Amino acid sequence: MKVNISIKTVISGFLALFFVLYLLGVYWSFEPEQFDIRAEVTKAATAENVTPVVGYTTTTALIRVTETLLHKPGGYLSNDALPPSVFLDNIPAWEFGALEMIRDMSLVMRQEFSRSQSQSVENKNLKVAQPQLNIDNTSWAIPSAEGEYQKAINELYAYRTALTQINNQSAQFYTRSDNLRAWIQEATKRLGSYSQRLSASVGREQINVDLAGDRVAKQSTSSAASMELKTSWWVIDNEFYEARGACWALLHFLKAIEIDFNDVLGQKNAKVSVQQIIRELEASQEAIWSPIILNGDGFGVLANHSLVMANYISRANAALIDLDDLLSQG
């Protein structure tokens, strides 16, 4: 039996497949919406028939942010090897930015929030969860990134449940100004890096200040007194979306911190500072109306989305530094 397939039919089939994959790629590239952390806590506590305790909100935020990476449209895309996700780069960059904030939070929860002092024993659930979140984000098999992240989520669920059990002393969450400062310092380092990388979308010469402030300070190898910093036009959109993903995750964590550390922030009269940081981060999540990330030169004709994002991040970072200083005061 002969089957005659014309070239026109083959081309039409390829075009139809390309169009379907294109639409799917566009849909998968939509960034997740923000969620109401208070509503999520109420929903989770009702389902478990428990009363939220200190630490329940922050743990819920960490769980929900991590679950979003796995269950948003298209699922987790950073390690996909098939079209259309293999051709996407913006949303995987967004995922990595959020993942970096998730990793920082899980580390601080393991080392600071869940421990009363440096000589105390680590929580067994967080001890398992934190390393699993640090697997290579592009690993697709044996083990897969999604599989390891899901195991971490399961351990976080177990930790959250243990927090609410009165007779279970193995799981604790301590709201002190010193361990809150430990997390803030991690966040400021991340934001400072994003701000610098985004600002480098326009080339500029920077004076080397690596050893400023210490006469006897040394570094391993010598470096130039000034250097030209510029992020390549080909990767600036990835830098933009990575920073945007990090701000999305940090925004939810700060809203949770505002609830769990309410008394600490109130005593330091620092609630308004946290609210201002949240407002700056919310501004960084405004809708992008341009079909592409523009990279105009300074005060040129075209906009520069990276500089706008860097502005919001720098303001949030400066407020975080001020908050850290405020918490350090007696």
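You'll find the structure just up there.
Now for a description of the structure that goes with this document. (Residues numbered from 1 in each chain as written. Predicted model: local features only at pLDDT ≥ 70, side-chain atom pairs only at ≥ 80, totals over all residues. Heavy atoms only, no water.)

## With respect to the overall build of the protein chain
Piece 1. If you tally the helices and strands in the protein chain, you get 11 helices and two strands.
Piece 2. Secondary structure elements in the protein chain, listed N-terminal to C-terminal, are α-α-α-α-α-α-α-β-β-α-α-α-α.
Piece 3. Looking at the protein chain residue by residue over its 330 residues, the buried ones come to 44%.
Piece 4. Considering only residue pairs separated by 6 or more positions, the protein chain has 75% of its internal contacts joining residues 24 or more positions apart.
Piece 5. For the protein chain, the computed accessible surface area is about 18,000 Å², with 56% contributed by carbon and sulfur atoms. (Helix = DSSP H or I, 4+ residues; strand = E, 2+ residues; numbered from the N terminus. Buried < 20%, exposed > 50% of the residue type's maximum accessible area, 1.4 Å probe, protein only. Contact = heavy atoms within 4.5 Å. Areas by Shrake-Rupley, 256 points an atom, 1.4 Å probe, with all protein chains shown as cover.)

## Some details on the packing of helix H7 (residues 177-199) against helix H11 (residues 305-328)
Piece 1. Two numbers describe how H7 lies on H11: the axes approach to 8 Å, and their chain directions differ by 155 degrees. Compared by their axis directions, H7 and H11 come out roughly antiparallel. Here H7 runs over H11; the crossing is left-handed.
Piece 2. Taken together, the residues of the contact of H7 with H11 break down into 15 nonpolar, 10 polar and two charged. (Axes fitted to C-alpha atoms, helices over the stretch in contact; angles between N-to-C directions. Parallel < 35°, antiparallel > 145°, perpendicular 65-115°, else oblique. Left-handed = near helix turned anticlockwise from the far one by under 90°. Nonpolar A, V, L, I, M, F, W, Y, C, P; charged D, E, K, R; others polar.)

## Observations concerning the side chain of Asp 324
Piece 1. Along the chain, the position of Asp 324 falls in helix H11.
Piece 2. Apart from residues lying up to four places away in sequence, Asp 324 is in contact with Arg 181, Ile 184 and Gln 185.

## Quick look at a nonpolar patch on the surface
Piece 1. A surface patch of nonpolar side chains, about 840 Å² in accessible area, is lined by Phe 18, Phe 19, Tyr 22, Leu 23, Leu 24, Val 26, Tyr 27 and Phe 30.
Piece 2. Summarising the element assignment, Phe 19 is placed in helix H1 (residues 7-28). (Patch = residues over 30% accessible without salt bridge, like charges linked within 9 Å, V, L, I, M, F, W, Y side chains within 5 Å. Salt bridge = Lys/Arg side-chain N within 4 Å of Asp/Glu carboxyl O.)

## What about the packing of helix H4 (residues 90-113) against helix H8 (residues 236-260)?
Piece 1. Viewed as axis vectors pointing N to C, H4 and H8 meet at an angle of 35 degrees, and their least axial separation amounts to 6 Å. Between H4 and H8 lies a crossing whose hand is right-handed. Residues Asn 90, Ala 93, Trp 94, Phe 96, Gly 97, Ala 98, Met 101, Ile 102, Met 105 and Phe 113 of H4 lie in contact with H8, whose contacting residues are Asp 237, Asn 238, Tyr 241, Glu 242, Arg 244, Gly 245, Ala 246, Trp 248, Ala 249, Leu 250, Phe 253 and Ile 257.
Piece 2. Considered class by class, the residues forming the contact of H4 with H8 number 15 nonpolar, four polar and three charged.

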